[in-house]
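Structural overview
Given next are the chains, with one letter for each unit.
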Amino acid sequence: MSGETVTITLEPIDTNKESKAITAAGGNVGALVSFSGICRADEKGEEISALFLEHYPGMAEQEISAHVEEAKRRWPLLSARVVHRVGRIEPGETIVFVATASAHREAAFQAAEFIMDYLKSSAPFWKRTEGGKREAWVEANEKDERALDRWK
Amino acid sequence: MKIVYFAWLRERLNKTEEDIEIPASVQTIGELMQWLKSRGEEYEYAFDNPKVIRAAIDKTHVQPGAKIAGANEIAFFPPMTGG
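Presented here is an overview of the structure given in this document. Every residue gets a number counted from 1 within its own chain, in the order that chain's sequence is written. Whichever chain is written first is A, and whichever ligand is written first is 1; the rest continue in order. The predicted origin of the model limits local features to residues at a pLDDT of at least 70 and limits the giving and counting of side-chain atom pairs to 80 or more, whereas totals for whole chains, interfaces and linings rest on all residues. Heavy atoms throughout the structure, all of them, feed into the side-chain values; hydrogens and water do not.

A look at the interface of chain B and chain A
Any two residues whose heavy atoms approach within 4.5 Å are treated as being in contact. Taken together, the contact between chain B and chain A spans 21 residues of the former and 27 residues of the latter. Note on definitions: buried area is the accessible-area loss of two parts on being combined, 1.4 Å probe, summed for both. For the pair chain B and chain A, the summed buried area comes to about 1,900 Å², and 56% of that belongs to carbon and sulfur atoms. Sorting the residues of chain B by area buried against chain A places B:Lys59, B:Thr81 and B:Gly83 first, and these three jointly supply 37% of that buried surface. Any Lys or Arg side-chain nitrogen located within 4 Å of an Asp or Glu carboxyl oxygen qualifies as a salt bridge. Taken together, the connections running from chain B to chain A amount to 2 salt bridges. Taking the shortest distance from any N to any O, the salt bridge between B:Arg10 and A:Glu54 comes out at 2.4 Å. We define a polar contact as two N or O atoms separated by no more than 3.5 Å, with the added condition that, inside protein, one atom must be a possible hydrogen donor and the other a possible acceptor, whereas residues neighbouring each other in sequence contribute only through side-chain atom pairs. The interface formed by chain B and chain A includes 14 residue pairs in polar contact (both at pLDDT 80 or more). Labels follow the DSSP assignment, with helices taken as runs of H or I lasting at least four residues and strands as runs of E lasting at least two, numbered in each case from the N terminus. Looking at the side of chain B that touches chain A, the elements that each hand over two or more residues are helix H1 (7-13), strand E3 (54-57), strand E4 (60-62) and strand E5 (73-77) of chain B. The biggest single contributor to the side of chain B that touches chain A is H1(B), with 4 residues. The classification used treats Ala, Val, Leu, Ile, Met, Phe, Trp, Tyr, Cys and Pro as nonpolar, Asp, Glu, Lys and Arg as charged, and all other residues, Gly among them, as polar. Residue composition of the side of chain B that touches chain A, by class: 10 nonpolar, 5 polar and 6 charged.

Take a look at the structure:
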């Protein structure tokens, strides 16, 4: 595989470019699954103007990479890519992009979900909302914690 | 020892990191949280509910029972909300 696997960036994510790059990365790709997490215009029913994402540099990359490696051990992936944005993100913009490529669809689908589930609960990122009644830190979702049970 | 804080912990303490001398009697992450809590009003506020606070030693997740001896960097932060 060529190129970086995990990138954390302040810049908008070009999901089309990322999808093309992973397909072109090599191997006999028969399935490409990509997931984009998008900033919604509301948080818990309250309108927001933006999200602000903070991360723990070094640890964030390390946690995501470790779970991408684990996904590669579990499924026959040809390549995988995770791009996570930090800083100020407006509604409609992509917060996170995960793509997995394999010969057949099952591995790519499952590995993408596995990587996202672990990213949500173990990668050190924190969201704060902007423009609501008050600026507030987004609370962790119990459903996200439980999502890991199916991979144990 | 270097301690770093994120999200609302950072805001409540009004600092991103600090270098502090930790007494030898403080040996685990849980004990460190209790000790930090006694350091002043803002610490009491930040560490009010240690159960919800997560920790990492040298950028690896750890449980409250983890020993802090030999650590270079300890991080405290709320549950993560990335993705």
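Structure shown, so let's carry the discussion forward.
Details of unusual backbone geometry
In this structure, A:Lys44 is a non-glycine residue whose phi angle is positive, near 50 degrees. Relative to the helices and strands, A:Lys44 resides in the loop between strand E3 (42-43) and strand E4 (46-47). With phi around 70 degrees, B:Lys59 is a residue other than glycine that occupies positive phi space. Relative to the helices and strands, B:Lys59 is located in the loop between E3 and E4. Look at B:Lys59 and you get partly exposed, because its relative accessible area is 25%. Think of it in three bands: residues with accessible area under 20% of the maximum for their type are buried, residues over 50% are exposed, and the middle band is partly exposed, with areas taken using a 1.4 Å probe on protein chains only.

Here we look at the packing of helix H2 (residues 59-74) of chain A against helix H3 (residues 105-122) of chain A
Residues and elements named next belong to chain A. Only the stretch in contact is used when fitting a helix axis, every axis being a line fitted to C-alpha atoms; angles between N-to-C directions are given from 0 to 180 degrees. Running from N to C, H2 and H3 point in directions that differ by 155 degrees, and their axes come no closer than 9 Å. By the angle between their axes, H2 is roughly antiparallel relative to H3. Seen from above, H2 lies across H3 with right-handed handedness. Contacts from Glu63, Ile64, His67, Val68, Glu70, Ala71 and Arg74 in H2 reach Ala111, Phe114, Ile115, Tyr118, Leu119 and Ser122 in H3. Orientation is classified from the angle alone, with under 35 degrees giving roughly parallel, over 145 giving roughly antiparallel, 65 to 115 giving roughly perpendicular, and any other angle giving oblique. For any pair of crossing helices, the crossing counts as left-handed if the nearer helix is rotated counterclockwise from the farther one by less than a right angle, and right-handed if it is rotated clockwise.

A closer look at the sheet that holds strand E6 (residues 77-85) of chain A
Residue and element names in this part refer to chain A. A pair of strands counts as paired when DSSP detects no fewer than two bridges linking them. One open sheet holds the 4 strands; their spatial order is E1-E6-E8-E2, and the pairing between them is mixed. Each edge of the open sheet carries a strand with a single partner, namely strand E1 (6-9) and strand E2 (31-38). Neighbour-to-neighbour, the strand axes of this sheet turn through a mean angle of 10 degrees, independent of strand direction. Relative to E6, E1 runs parallel, the two being bridged by 4 bridges. If you follow threonine 7 over to E6, its bridge partner there is valine 83. Packing of H2 onto the sheet brings it into contact with E1 and E6, and relative to E6 it is tilted by some 160 degrees.

Things to note about H2(A)
Counted at 1.5 Å a residue, the expected span for H2(A) with its 16 residues is 22 Å, and the 23 Å between its end C-alpha atoms agrees. Every buried residue of H2(A) is accounted for by A:Met59, A:Ala60, A:Glu63, A:Ile64, A:His67, A:Val68 and A:Ala71. For a helix, the expected span equals 1.5 Å multiplied by the residue count minus one.

Describing the nonpolar core
One finds A:Ile64, A:Trp75 and A:Phe125 to be the most contacted residues of the largest nonpolar core, which totals 35 residues. Ranked by residue count, the leading element in this core is H3(A), at 9 residues. Leaving out residues up to four positions away in the same chain, A:Ile64 has contacts with A:Val6, A:Val82, A:Leu119, A:Ala123 and A:Phe125. Membership of the second largest hydrophobic core comes to 34 residues, among which are B:Phe6, B:Leu13, B:Leu36 and B:Ile57. Here, nonpolar core refers to any group of buried Ala, Val, Leu, Ile, Met, Phe, Trp, Tyr and Cys residues whose side-chain atoms link them within 4.5 Å.

Here we look at H3(A)
The terminal C-alpha atoms of H3(A), which comprises 18 residues, lie 26 Å apart, in line with the 26 Å expected from a rise of 1.5 Å per residue. Of the positions making up H3(A), those classed as buried are A:Ala107, A:Ala108, A:Ala111, A:Ala112, A:Phe114, A:Ile115, A:Met116, A:Asp117, A:Tyr118, A:Leu119, A:Ser121 and A:Ser122. Turning to H3(A), the residues buried within the fold contact E2, H2, E6, strand E8 (94-102) and helix H4 (142-146) of chain A together with E4 of chain B.

A word on the sheet that holds strand E5 (residues 50-55) of chain A
Residues and elements named next belong to chain A. Strand order in this open sheet of 4 strands is E7-E5-E9-E10, and the pairing throughout is antiparallel. Across the chains shown, the open sheet's two edge strands, defined by having one partner strand only, are strand E7 (87-89) and strand E10 (136-137). Relative to E10, strand E9 (residues 125-130) is paired through 2 bridges, and the arrangement is antiparallel. The residue bridging threonine 129 from the neighbouring strand is alanine 136, located in E10.

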